[in-house]
Amino acid sequence: MNQQIYMLSEEGIKVLVEQITENIKNELQIQPHKVTQEDEFLNIEELSNLIGLTKPTIYGHVHRNTIPFIKKGKMLRFSKNDILNWLQDGKSKSKADIDNQVNEYLAKNPLFKR
């Protein structure tokens, strides 16, 4: 079996790492949520009960645009599916989960064509 060895400059390695990182981010990116008939919209009281945050904390998230919300006039509503996805996005992944995702990505997208 004949193996080829590639020599990369430090700059070439940095570019390659950036490309791999960007590709992994794109592969792991969750598709935007589409509203379905089953989606439930919550007011701030219902949201507070669902996720266990106080109303002032939720208003702070709305003010900083860190929580998905819908505002029509003075009405503030929250899509239950969007909120659950928002909570899931904040979940930390274990090193083993990340390693598995990287290995899956690299198996599908080899660095060098053979």
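Here, every reference points to the structure presented above.
So, a few notes on the structure that sits alongside this text. (Residues numbered from 1 in each chain as written. Predicted model: local features only at pLDDT ≥ 70, side-chain atom pairs only at ≥ 80, totals over all residues. Heavy atoms only, no water.)

Focus on the sheet that holds strand E1 (residues 41-42)
Item 1. Spatially, E1-E3-E2 is the arrangement adopted by the three strands of the open sheet, whose pairing is antiparallel. Of all strands in the sheet, those with a lone pairing partner are E1 and strand E2 (70-72), marking the two edges.
Item 2. Along the sheet face, helix H4 (residues 80-89) touches E1 and strand E3 (75-79) and points at about 60° away from the line of E3. (Pairing = 2+ DSSP bridges. Helix = DSSP H or I, 4+ residues; strand = E, 2+ residues; numbered from the N terminus. Contact = heavy atoms within 4.5 Å. Axes fitted to C-alpha atoms, helices over the stretch in contact; angles between N-to-C directions.)

Things to note about the pattern of salt bridges
Item 1. What the rule picks out here adds up to four salt bridges.
Item 2. In this structure, the salt-bridge partner of Glu 10 is Lys 14, at a minimum N-O distance of 3.8 Å. Here Glu 10 pairs with Lys 14, and both are found in helix H1 (residues 10-28), just four residues apart, close to one helical turn.
Item 3. Residue Glu 10 is classed as exposed on the basis of its relative accessible area, which comes to 61%.
Item 4. Asp 99 is the salt-bridge partner of Lys 95, the closest N and O atoms lying 3.0 Å from each other. (Salt bridge = Lys/Arg side-chain N within 4 Å of Asp/Glu carboxyl O. Buried < 20%, exposed > 50% of the residue type's maximum accessible area, 1.4 Å probe, protein only.)

A look at the pairing of E3
Item 1. Where E1 lies against E3, two bridges are found, and the strand directions are antiparallel. When the sheet's bridge partners are listed, Leu 42 is paired in E3 with Phe 78.
Item 2. Here E2 pairs with E3 via three bridges, running antiparallel. Looking at the pairing, Ile 70 lines up with Arg 77 of E3.
Item 3. In this structure, the hairpin formed by E2 and E3 is closed by a connection of two residues, where Gly 73 is found at a positive phi of approximately 65°.

Considering unusual backbone geometry
Item 1. One non-glycine residue, Asn 65, adopts positive backbone phi at about 55°.
Item 2. Along the chain, Asn 65 turns up in the loop between helix H3 (55-63) and E2.
Item 3. Take Asn 65: its relative accessible area is 59%, and that puts it in the exposed class.

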